[in-house]
Structures are given as C-alpha cells and as structure tokens.
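Secondary and tertiary structure notes
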Amino acid sequence: MRNLIIFGGLLLLLIIGGGLTSQLIANQSGTVLPVLTQTVDPNASPTSMLPWKAEQFFLLVGFVIFNLVGIAATIALVFWFLDRGVKRGNAAPDQKQAASD
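Described in the following lines is the structure provided in the data block. Every value quoted in this text rests on a predicted model; they were computed, and no experiment measured them.

Assigned secondary structure in the chain consists of two helices and zero strands. Counting across all 101 residues of the chain, residues that qualify as buried make up 2%. For the chain, the computed accessible surface area is about 9,100 Å², with 71% contributed by carbon and sulfur atoms.

Below, the structure written as structure tokens:
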C-alpha cells in the first residue's frame, strides 16, 4: 500500500509539472511564471521544431539505438561463450570419472 501511495504521489507530481510546462509554452505573452525571453529566433527556441532540428534529433536517436543494440549483442555473445565454457568445464570431470570406472 505504501508503494502505491508513493507511485501516486510521483504520478501527481509529473502531471502538475506537465501542466506547468504546457502553460509556459501556451502563454507566450503573459506567462504564469516569470520567464525571460532572450531571443525570438526560431533556431534558438527549444519549443519550435524546425526541419534541421528534427533531422538532427532523428539521427541522434538512430545512433543511440544502433549502439545500444550493438552493445546488447556483444554482451549476449560474451555471456553465451562464457556459459558454453562453463558447461564444457563441468562436463569434462564427469567424462573422466566415467572413463576411469
């Protein structure tokens, strides 16, 4: 029950934060919180998506996913070889005992 209350509190905190963020983005003229606008250039705005920004984001996400899959495949291969070696090592003494009997 305690974990459910903690989860609910965190969920409520996220909802409140999302609401404040959407209000900050929606009210460009009069904001709820005081925000200093440093520039009106769309290239510098974190809230407007320009084609070159979308392309860079897509490339970054693709690069990260490609590397994560490569890392996972490498780790899986290493563990497979280690497990194979352990199985062979455990099977070897049994074969020697069977041959000596």
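Attention shifts here to the packing of aromatic side chains. Applying the stated criterion to the full structure yields one aromatic pair. Ring centres of Trp80 and Phe81 lie 5.0 Å apart, and the angle between their planes is 65°; this geometry places the pair in the edge-to-face category. On the basis of relative accessibility, which here comes to 43%, the residue Phe81 falls in the partly exposed class.

The next thing to look at is the pattern of salt bridges. A full pass over the atoms with the stated rule returns one salt bridge. A salt bridge links Lys87 to Asp83; the nearest nitrogen and oxygen atoms lie 3.5 Å apart. With Lys87 and Asp83 both in helix α2 (residues 51-100), this residue pair falls four residues apart, about one helical turn. Under the relative-accessibility criterion, Lys87 is labelled exposed at 56%.

About the cut-offs
- Residues numbered from 1 in each chain as written.
- Predicted model: local features only at pLDDT ≥ 70, side-chain atom pairs only at ≥ 80, totals over all residues.
- Heavy atoms only, no water.
- Helix = DSSP H or I, 4+ residues; strand = E, 2+ residues; numbered from the N terminus.
- Buried < 20%, exposed > 50% of the residue type's maximum accessible area, 1.4 Å probe, protein only.
- Areas by Shrake-Rupley, 256 points an atom, 1.4 Å probe, with all protein chains shown as cover.
- Phe/Tyr/Trp six-rings, centres within 6.5 Å; stacked < 30°, edge-to-face > 60°.
- Salt bridge = Lys/Arg side-chain N within 4 Å of Asp/Glu carboxyl O.

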